[in-house]
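The primary structure of each chain is shown beneath.
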Amino acid sequence: MIEARNLRFSYGEREVLRGISLEVGKGEFVAILGPNGAGKSTFLRCLAGILRCEGVFLKDRPVRDYSPRELSRILAYVPQRVEPGFLTVFDTVLLGRRPYMGLTPSEKDLEVVEEALKRLGIEKLALKRTNEISGGELQKVSIARALAQEPEILLMDEPTNNLDLKSQLEVMRLARELAKGGKTVIMVMHDVNLALRFAKRFVFMKGGRKIADGSLEVLSEKLFEEVYGVRVEIGEVRGVPVVVPL
Amino acid sequence: MDYKAYRRRKLILCIALFLSLLAVSLFSLSSGPYHVPLREVLAVLLGGGSKDDRLVLLGIRLPRIVAGILVGASMGVAGAVLQGYLRNPLATPFTMGVSHGAMFGASLAIILGAGYSLNSGQIFLNNPYAVVLFAFLGAISATLVILALARLRGLSPEAIVLAGVAMSSLYSALTTLVQYFANELQLSAMVYWSFGNLARATWRENAIMAVAFAFVFAYFLIKRWDLNASTLGDEIAKSVGVNIERERLIGTLLSAFITSVTVAFVGVIGFVGLIAPHSMRLIAGGDYRSLIPLSALAGALLLVSADTVARLIVSPMTLPVGVITSFLGAPAFIYLLVRMEGRR
Ligand SMILES: Nc1ncnc2c1ncn2[C@@H]1O[C@H](COP(=O)(O)OP(=O)(O)O)[C@@H](O)[C@H]1O
Ligand SMILES: [Mg+2]
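Here the structure is a predicted model, which means the values were calculated and not measured.

## Regarding the packing of aromatic side chains
Residue and element names in this part refer to chain A.
So, point 1. For the structure shown, the criterion picks out 11 aromatic pairs over all chains.
So, point 2. Ring centres of Phe224 and Tyr228 lie 6.0 Å apart, and the angle between their planes is 15°; on these two criteria the pair is classed as stacked. A residue pair is termed a helical-turn pair when its members lie 3 or 4 positions apart in one helix, as Phe224 and Tyr228 do in helix α8 (residues 221-228) at four residues.
So, point 3. Residue class for Phe224 comes out buried when judged on its relative accessible area of 2%.

As structure tokens, this is what we get:
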């Protein structure tokens, strides 16, 4: 579905991605983990086609060969931060329909937006401006917009940021459901335990390189020490692995 | 209230503004040292009326009001668009160096012999087209230099604003230099030119401004979704398929273009590009589908009203309309700023 082949990227002189290869198929749910500054956000922006990079392929075609409109129908990206503004929640989510619409939204576009708002449980906020809602609510608006895009691939950068515990679980469940429904979900995560509980595949990054990649078996106490420089113990609660820092 | 009712409310606001604009325009047509009753005004507009009435209304007052509408609408739209693409509430076409560039161009034309002025406040332009052309070229060149400079940093909003500040400062210095070498009569012509004055526009100028405005207005209406996307940040804009760098370049250029046209003809009139879009944002929200037409209407209404005040307040003398907009503009803008901060 989407693939990075020995992906390198620099901001000016500074090399941030040093040759990353990763192939993600349809319906996978991948969590990208790693310390601050590892290059996770940069990697996601390259995959999303927001940064121009060599070596990213979508359905075996270089991402840079896609037109913006074509790309926006396949791929939706939820950035780490969204600026609040004077646009209403509804109109913000409606932007997710831009890849499909002409000058005015169709009835179907409005329905898809309603549906996305309901899925995130924010339909009551529809006519509020995004500068009148909380940070967590804004994060959900951003996710709803990505859903309204009806993409095949969903790229999310720390989507559980700013969310309370219940909303975190809701968003993770939603992502899992989407993956079961055949969408590809790639998510940068800070909360390791939340990632372990919901995602199916884990990619560990550090210093612009991929350190480990695989399902639960790749986890080891040594890996955490190497990636985060922290000693941990991996236990298990109700069949779900739990990482406890020592 | 559902989404459709919410959209309908904005349409009603549009219609209300349009009717107010009509009412103010009719009032302005009828008022002045030479009073024309409303009946006669309507008669003239419908092609009748006395010869004198026709002369005053169609020859003097109407072109001035139409100029007010076109200049106000241009500034309102240009301000709204720049604030969206630069994601900066202080952005106006003047951020893009238009006013300083035009001032430099006009001053240069005057010192090269295009005009002079006596104390009466009348500018005698030997060659009015040279002043207009130089002012336009000065304005648009400032914008082009700013965009070229900002390209060095990927045309980011911050880069454009910084380059704008730098170039405005440079063009001010150049203007001062030109003024230093001007004689008294030329100097006063430069100063009088800098007071925006809608009386400078005749039907021919109005026709040019109308064509420029119609083209740019239509373009922005088509790009309304891209403008909405831009306010959410470049990453989201790209993610929904907007070629944001290209649209920012075209958008800033076209905004500067219509403003340069109006500034070249009527001089610099401040604050309309700030007050019109911001007041509409506070009342009707940031959706560019309605913000573009609303800003145009609000800008037109504001400028025609201000010009009517400028004509009547110390009648039979006429104040420069730029003085009125600045007087109204400064406090109104501070009020808007305070209200806006309260919303965060
Ligand atoms: N726009 C940028 N310009 C220059 N350097 C950047 C930019 N964005 C990120 N970086 C640098 O790239 C490195 C990786 O950043 P990022 O991808 O945001 O890491 P992560 O998301 O893993 O915390 C950091 O060292 C950061 O300072
Ligand atoms: Mg990050």
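## What about a nonpolar patch on the surface?
Residues and elements named next belong to chain B.
So, point 1. Residues Leu11, Ile15, Phe18, Leu19 and Leu22 make up a contiguous nonpolar surface patch of about 490 Å² in total accessible area.
So, point 2. Secondary-structure assignment places Leu19 in helix α1 (residues 3-30).
So, point 3. In this structure Leu19 comes out as partly exposed when scored by relative accessible area, which is 49%.

## Observations concerning the interface of chain A and chain B
So, point 1. At the junction of the two partners, chain A supplies 37 residues and chain B supplies 32 residues.
So, point 2. Taking both sides of the interface into account, the surface hidden between chain A and chain B amounts to around 3,000 Å²; carbon and sulfur atoms contribute 62%.
So, point 3. When the buried area of chain A at its contact with chain B is split by residue, Phe86, Arg98 and Leu127 of chain A rank highest and sum to 22% of it.
So, point 4. Where chain A touches chain B, the interface holds four salt bridges.
So, point 5. Of the charged contacts, one joins Arg45 of chain A and Glu235 of chain B as a salt bridge, the two residues approaching to 2.7 Å between their closest N and O atoms.
So, point 6. In this assembly, chain A and chain B are joined by 16 residue pairs in polar contact (both at pLDDT 80 or more).
So, point 7. Among the elements of the structure, α2 (68-74), β6 (75-78), α3 (89-94), α4 (107-119) and α5 (135-148) of chain A are those that each provide at least two residues to the side of chain A that touches chain B.
So, point 8. Of all the elements, α3 of chain A adds the most residues to the side of chain A that touches chain B, at four residues.
So, point 9. Split by residue class, the side of chain A that touches chain B holds 19 nonpolar, nine polar and nine charged.

## Points about the side chain of Lys10 of chain B
Residues and elements named next belong to chain B.
So, point 1. Note on placement: Lys10 falls in helix α1.
So, point 2. Buried charged residue Lys10 carries no salt bridge. Nearest counter-charge: Asp287, at 4.4 Å.
So, point 3. Not counting the four nearest positions on each side in its chain, Lys10 is found in contact with Ala284, Asp287 and Ser290.

## So, the packing of helix α3 (residues 51-85) of chain B against helix α12 (residues 272-284) of chain B
All names here are of chain B.
So, point 1. Viewed as axis vectors pointing N to C, α3 and α12 meet at an angle of 65°, and their least axial separation amounts to 7 Å. As summarised for this structure, α3 and α12 are arranged roughly perpendicular, according to the angle between their axes. Here α3 and α12 pass one another in a crossing that is right-handed. Contacts from Gly72, Met75, Gly76, Gly79, Ala80 and Gln83 in α3 reach Val272, Gly273, Leu274, Ala276, Pro277, His278 and Arg281 in α12.
So, point 2. Here the residues of the contact of α3 with α12 sort into six nonpolar, six polar and one charged.

## Details of the nonpolar core
The tendency in soluble globular proteins is for nonpolar side chains to be buried as a group.
So, point 1. Membership of the largest hydrophobic core comes to 160 residues, with the highest contact counts inside it found for Phe29 and Phe204 of chain A.
So, point 2. Among the elements that make up this core, the one with the highest residue count is α3 of chain B (15 residues).
So, point 3. When sequence neighbours within four positions are dropped, the list of residues in contact with Phe204 of chain A reads Leu33, Arg209, Lys210, Ile211, Ala212, Leu219, Leu223, Phe224, Val227 and Tyr228 of chain A.
So, point 4. Counting 34 residues, the second largest nonpolar core, distinct from the first, contains Leu7, Ala38, Leu75 and Val188 of chain A.

## A closer look at the site of ligand 1
Residues and elements named next belong to chain A.
So, point 1. Within the structure, ligand 1 sits among Tyr11, Arg14, Val16, Pro35, Asn36, Gly37, Ala38, Gly39, Lys40, Ser41 and Thr42.
So, point 2. Gly37 is positioned such that a nitrogen or oxygen atom in its backbone is 2.8 Å from an oxygen atom of ligand 1.
So, point 3. At 3.0 Å from an oxygen atom of ligand 1 is found a main-chain nitrogen or oxygen belonging to Gly39.
So, point 4. Contact with the protein chains removes 63% of the 560 Å² of surface that ligand 1 exposes when unbound.
So, point 5. Counting residues per element, the ones that place at least two in the shell around ligand 1 are β2 (14-24) and α1 (40-47).
So, point 6. Sort the elements by how many residues they give to the shell around ligand 1 and α1 lands first, with three residues.
So, point 7. Its residues assigned to classes, the shell around ligand 1 shows four nonpolar, five polar and two charged.

## Overview of unusual backbone geometry
So, point 1. Going from Ser315 of chain B to Pro316 of chain B, the amide bond is cis rather than trans, its omega being 10°.
So, point 2. Residue position: Pro316 of chain B is located in the loop between α13 (288-312) and α14 (321-343).
So, point 3. The backbone of Asp60 of chain A shows a phi angle near 65°, a positive value even though the residue is not glycine.
So, point 4. Topologically, Asp60 of chain A is positioned in the loop between β4 (56-58) and β5 (61-62).
So, point 5. Of note, Leu155 of chain B is a non-glycine position whose phi angle comes to about 55°, a positive value.
So, point 6. Residue classification places Leu155 of chain B among the buried positions, given a relative accessible area of 4%.

## Overview of the sheet that holds strand β10 (residues 209-214) of chain A
Residues and elements named next belong to chain A.
So, point 1. With mixed pairing, the six strands of this open sheet are ordered in space as β6-β7-β8-β3-β9-β10. Every other strand in the sheet has two partners, leaving β6 and β10 as the edge strands with one partner each. Going across the sheet, the axis of each strand differs from the next one's by a mean of 15°, ignoring polarity.
So, point 2. Relative to strand β7 (residues 153-157), β6 is paired through four bridges, and the arrangement is parallel. Each bridged residue has a counterpart across the sheet, and for Ala76 the counterpart in β7 is Leu154.
So, point 3. Where α1 meets the sheet, its contacts fall on β3 (29-33), β6, β7, β8 (184-188) and β9 (201-206), and the angle it forms with β7 comes to roughly 155°.

## As for helix α6 (residues 165-180) of chain A
Residue and element names in this part refer to chain A.
So, point 1. For α6, built from 16 residues, the straight-helix expectation of 22 Å at 1.5 Å per residue is met to within 8% by its first-to-last C-alpha distance of 23 Å.
So, point 2. Within the span of α6, buried status applies to Ser167, Gln168, Val171, Met172, Leu174, Ala175, Leu178 and Ala179. Within α6, the buried residues cover an arc of 155° as seen down the axis, which keeps them to one side. Turned more than 90 degrees away from the buried face of α6, the exposed residues are Leu165, Lys166 and Lys180.
So, point 3. Where α6 is buried, its residues touch β3, α4, α5, β7, β8 and α7 (192-198).

Conventions adopted
- Residues numbered from 1 in each chain as written.
- Chains lettered and ligands numbered in written order.
- Predicted model: local features only at pLDDT ≥ 70, side-chain atom pairs only at ≥ 80, totals over all residues.
- Heavy atoms only, no water.
- Phe/Tyr/Trp six-rings, centres within 6.5 Å; stacked < 30°, edge-to-face > 60°.
- Helix = DSSP H or I, 4+ residues; strand = E, 2+ residues; numbered from the N terminus.
- Buried < 20%, exposed > 50% of the residue type's maximum accessible area, 1.4 Å probe, protein only.
- Patch = residues over 30% accessible without salt bridge, like charges linked within 9 Å, V, L, I, M, F, W, Y side chains within 5 Å.
- Areas by Shrake-Rupley, 256 points an atom, 1.4 Å probe, with all protein chains shown as cover.
- Salt bridge = Lys/Arg side-chain N within 4 Å of Asp/Glu carboxyl O.
- Contact = heavy atoms within 4.5 Å.
- Buried area = accessible area lost by both parts, 1.4 Å probe.
- Polar contact = N/O pair within 3.5 Å; in protein donor to acceptor, adjacent residues only side chain to side chain.
- Nonpolar A, V, L, I, M, F, W, Y, C, P; charged D, E, K, R; others polar.
- Lys, Arg positive; Asp, Glu negative; His and termini not counted.
- Axes fitted to C-alpha atoms, helices over the stretch in contact; angles between N-to-C directions.
- Parallel < 35°, antiparallel > 145°, perpendicular 65-115°, else oblique.
- Left-handed = near helix turned anticlockwise from the far one by under 90°.
- Core = buried A, V, L, I, M, F, W, Y, C linked by side-chain atoms within 4.5 Å.
- Near = heavy atom within 4 Å.
- Pairing = 2+ DSSP bridges.
- Expected span 1.5 Å × (residues − 1).
- Arc of directions from axis to C-beta.

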